[in-house]
Amino acid sequence: MKQHSVLRGVRIVEQGTFITGPCAAMMLADMGADVIKIESPEGDPYRAYQQGLYSPHFQAYNRNKRGMSCDLKQPADREIFDQLVAEADVYIQNFRPGTADRIGAGLPRLHAINPKLVYCSISGFGADGPYAERPSYDSVAQALSGFLSVVVDPERPRFLGPALADAITGIYAAQGILGALLERTRTGQGRLVEISMFEAMAHFAVEPFAAYFALGAVPASRDRPRLAQAYILRTADGRLLAIHLSSLEKFWKGLLTALDAAELNRDARFNARLARIEHYEALGEELDRRFRQRPLADWAARLSANDVPFAPINSIDAVVEDPQARHLGLIVPVEDAREGGRQAVRPAFQFDGRAASSVSAAPLLDQHGDEIRAALARERAWPARAAEAPARRAAG
C-alpha cells in the first residue's frame, strides 16, 4: 500500500494539540488507522508555530489524518463529536488534567457512549499529585525526569534540538493503545491508557536508573560515551565524524589499523578497554589530533575497510541525499499536498519487506469536516483514506 494497512479498520478520534497527542495518533495512522483529528475552530496552536495555519511543525505530526473542527460548546457540534466517539475504537487527548471533563470529553462520559472505547489520556506529570496542575512542555519533562542530566555537558549546558520528550511520549502512548486494542480482542471492553511526559522520559532513561540502583553512584552525562568508547572527531576538511568502539576488542584493533597507529596499543593508558575508559579524555585528544590529518572521505574508506562503527555527522540535507537513505526509500512524496512540503520521511517500519511509498498531507483546518458530517448523517459512505497503491518492496 502507499501507506501501511495493518491497522486498517481501526478508527481513532484525536483531540490533541502540539506534539504528544498528535504524535501518538500519527504513529497509528502510519500503520493504517483511520484518524480523525478534531480541532477547535481556531485550530491546533501548533498550526501557527511559525505564523500562518500550516507550519512545518504541524505537518510533521499530523500526516495521514483527516481533520475537522468542532466547537464542543455548541450542541450540534457536541452531537457530531458524540457520533464520532460512538463509532470509534480509540480516543486520544493530551489536555491538562480536568480539561477533558470540563468540555464533555472525560472518560466516564465517553465510556457511557462507547464502552469498547480505548481512551488515551496524555499529561505532563500524571493525572494527580503535587505537579499535576503545572504546565509541562518538552524541556520541562526532559529536565525533571533526569534525562537531561545524562546527556548534557554540565560545563556547557545546552538543550538538544528536537522535541524528544514530546515525541517519545507520543510513541509510548501509541504502544499503550496497541496493547489495549489487543486486550480488547479478548475482553470486548475498552480501557483507560494514561501516560505522562515525566513517566515516559524516566522510562526512556531506564539504563542510567538501573546503573544508579545497581552501583549506588549517580550517573553523569560523560558516563555513557566513556563506557561506549564513543567519540566525535573533526577531520582535515572540517567535517565531524562519530565513532563507537563499544566493548569488542576487534573494533579497537580495527581503529588502530585504520590509523596506522599500532604504537597506541603499547601505551599503558590505551592497551586495555578499562584503561581506555579511565583515560577517555586523553584518548579523545590523541584521536582528534590524528583525525585532523585526513579528510572525511579518506577516513570513511579506512574505517569501513576495517569494520569500525562510524558515521559522518550528517546535516538534514545530507541525509536526504545519503546512499543508504536512497536505497531504503526513506524519503517519500506527500500525496495531495496543497501547501507545505512535498516530501517527508516515511514511517520507519516495514511489513513483509514493504515500506510505505508515500504519506498523506496533514489536513488543512476543517478540510474534511463536510464529508465527515455527511457520512455521519448517512448521506454518503464513510470517506476513504487517501488513495492507496502497492507499496514499494525494500531493496536488498
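Residues numbered from 1 in each chain as written. Predicted model: local features only at pLDDT ≥ 70, side-chain atom pairs only at ≥ 80, totals over all residues. Heavy atoms only, no water.

1. A word on the overall build of the protein
Phase 1 of the analysis: On a plain count of helices and strands, the protein comes out with 17 helices and 14 strands.
Phase 2 of the analysis: Across its three principal directions, the C-alpha atoms of the protein cover 80 × 50 × 45 Å.
Phase 3 of the analysis: Classification of the 396 residues of the protein by burial places 44% in the buried group.
Phase 4 of the analysis: On the protein, the mean spot of the 47 positive side-chain charges and the mean spot of the 48 negative ones are 4 Å from each other. (Helix = DSSP H or I, 4+ residues; strand = E, 2+ residues; numbered from the N terminus. Buried < 20%, exposed > 50% of the residue type's maximum accessible area, 1.4 Å probe, protein only. Lys, Arg positive; Asp, Glu negative; His and termini not counted. Charge placed at Lys NZ, Arg CZ, Asp CG, Glu CD.)

2. Here's the deal with the pairing of strand β4 (residues 90–93)
Phase 1 of the analysis: Covered by surrounding structure in β4 are Val90 and Ile92 together with Tyr91 and Gln93, the residues of both alternating faces.
Phase 2 of the analysis: In the sheet, strand β1 (residues 11–15) pairs with β4 via 4 bridges, with the strands oriented parallel. Paired with Val13 across the two strands is Tyr91, which belongs to β4.
Phase 3 of the analysis: Relative to strand β5 (residues 118–123), β4 runs parallel, the two sharing 4 bridges. Across the sheet, the residue bridging to Tyr91 is Tyr119, located in β5. (Pairing = 2+ DSSP bridges.)

3. Some words on the sheet that holds strand β7 (residues 230–234)
Phase 1 of the analysis: The sheet built from 3 strands is open, its strands ordered β7-β8-β9 with antiparallel pairing. Each of the sheet's edge strands pairs with one partner strand only, and the pair in question is β7 and β9 (310–312). In this sheet, adjacent strand axes meet at a mean angle of 20° when their direction is disregarded.
Phase 2 of the analysis: Where strand β8 (residues 240–244) lies against β9, 3 bridges are found, and the strand directions are antiparallel. What sits directly across from Ala242, in β9, is Ala311.
Phase 3 of the analysis: Its contacts with the sheet put helix α13 (residues 280–291) on β7 and β8, and the angle it makes with β7 is roughly 35°. (Axes fitted to C-alpha atoms, helices over the stretch in contact; angles between N-to-C directions. Contact = heavy atoms within 4.5 Å.)

4. Side note on unusual backbone geometry
Phase 1 of the analysis: Backbone geometry places Phe18, a non-glycine residue, at a positive phi of 55°.
Phase 2 of the analysis: With respect to the helices and strands, the residue Phe18 is situated in the loop between β1 and α1 (20–29).
Phase 3 of the analysis: For Asp260, which is not glycine, the phi dihedral falls at a positive 55°.
Phase 4 of the analysis: For Asp260, the position within the fold is in the loop between α11 (249–259) and α12 (273–278).

5. Quick notes on the packing of aromatic side chains
Phase 1 of the analysis: Scanning all chains against the criterion turns up 13 aromatic pairs.
Phase 2 of the analysis: Each ring, one from Tyr91 and one from Tyr119, has its centre 5.0 Å from the other, and the planes form 45°; the classification is tilted. In this pair, Tyr91 is assigned in strand β4 and Tyr119 in strand β5, connecting sequence segments 28 residues apart. The exposure classification of Tyr91 matches that of Tyr119, with both residues buried.
Phase 3 of the analysis: For the ring pair Phe147 and Phe204, a centre distance of 5.9 Å and an interplane angle of 50° mean the geometry is tilted. Linking Phe147 in the loop between α6 (138–144) and α7 (164–187) with Phe204 in helix α8 (residues 197–204), this pair joins segments that are 57 residues apart in sequence.
Phase 4 of the analysis: In this structure Phe147 comes out as buried when scored by relative accessible area, which is 8%.
Phase 5 of the analysis: The class of Phe204 is partly exposed, set by a relative accessible area of 42%. (Phe/Tyr/Trp six-rings, centres within 6.5 Å; stacked < 30°, edge-to-face > 60°.)

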